[in-house]
Amino acid sequence: MAKAKTQALYDVHPGVATVQGWIAELKEKTGRSLEEWTAFVKKEGPKDEKSQREWLKIQHKLGTNSAWSIAARAAGKESEEDSPEKYLAAAAGYVEKQYSAKKEVLRPIYDELLKLGKSVGSDVKACPCLTMVPLYRNHVFAQIKPTTNTRVDFGLALTHYKGKLPKRLVDTGGIAKKDRITHRIEITDVKQIDADVKKWAKIAYDLD
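None of these values were measured; they are calculated from a predicted model.

The rules behind these values
Residues numbered from 1 in each chain as written. Predicted model: local features only at pLDDT ≥ 70, side-chain atom pairs only at ≥ 80, totals over all residues. Heavy atoms only, no water. Core = buried A, V, L, I, M, F, W, Y, C linked by side-chain atoms within 4.5 Å. Buried < 20%, exposed > 50% of the residue type's maximum accessible area, 1.4 Å probe, protein only. Helix = DSSP H or I, 4+ residues; strand = E, 2+ residues; numbered from the N terminus. Contact = heavy atoms within 4.5 Å. Expected span 1.5 Å × (residues − 1). Arc of directions from axis to C-beta. Polar contact = N/O pair within 3.5 Å; in protein donor to acceptor, adjacent residues only side chain to side chain.

1. A look at the nonpolar core
Ranked by size, the top nonpolar core spans 40 residues in total, and within it Leu113, Phe154 and Leu156 carry the most contacts. Tallying contributions element by element places helix α6 (residues 84-98) first for this core, with six residues. Excluding its chain neighbours within four sequence positions, the residues that come into contact with Leu113 are Ile144, Val152, Phe154, Ile187, Ile193 and Val197. Residues Trp22, Leu56, Leu62 and Ala67 belong to the second largest nonpolar core, which totals 13 residues.

Next up, the structure:
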């Protein structure tokens, strides 16, 4: 029941499809499958992971991402992005860690923002990462991040908004940095999640 609830609450991160595509194409592009590369590194490669990465890049002409991923698997580090099932199993754990210890008091704020974010459209996907929970439509249009022990930032992608923005929307510098999230609303109490917050979440959703 708990697993089904997690899968209903969270969605598979787009990065999972990217990793699966890389795995599927690896043999055709390099001559070895992921399993074959892993076995090869264990048998023929250097002993430590850092040296294995360099060996894969220099001796076998693999790209940085491929070298890091193969070396990590050779070291026995499984990736949650290897399959949708692994990712969804890990997703709830990411959130639990984000709102643990001193940040546990922020969990009601997170729960309410997640509920609000998913309410702005039937196609909204919540895809937890290690430090935040991005909300997707076609791209990330919002994110929920416990920035301090007393505050959750509700980030919004407002690059294409043409009107004047209120002071409540804090500029993140995202436009200059070419980040998706350009503004944030600081939330320190559930009561601050009002109609205004929902309005801006819907605007960010509609802009995507």
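This is not the end of the story, as more comes after the structure.
2. Thoughts on helix α9 (residues 195-207)
With 13 residues, α9 extends 18 Å between its outermost C-alpha atoms, agreeing within 8% with the 18 Å of an ideal straight helix rising 1.5 Å per residue. Along α9, the residues that are buried comprise Val197, Trp200, Ala201, Ala204 and Tyr205. Along the axis of α9, the buried residues cluster in a sector spanning 145°; they form a single face. The secondary structure elements touched by the buried residues of α9 are α7 (107-119), β3 (140-146), β4 (152-156) and β6 (183-187). Capping of α9 at its N-terminal end is provided by Asp194; its side-chain oxygen lies 3.2 Å from the backbone amide nitrogen of Asp196.

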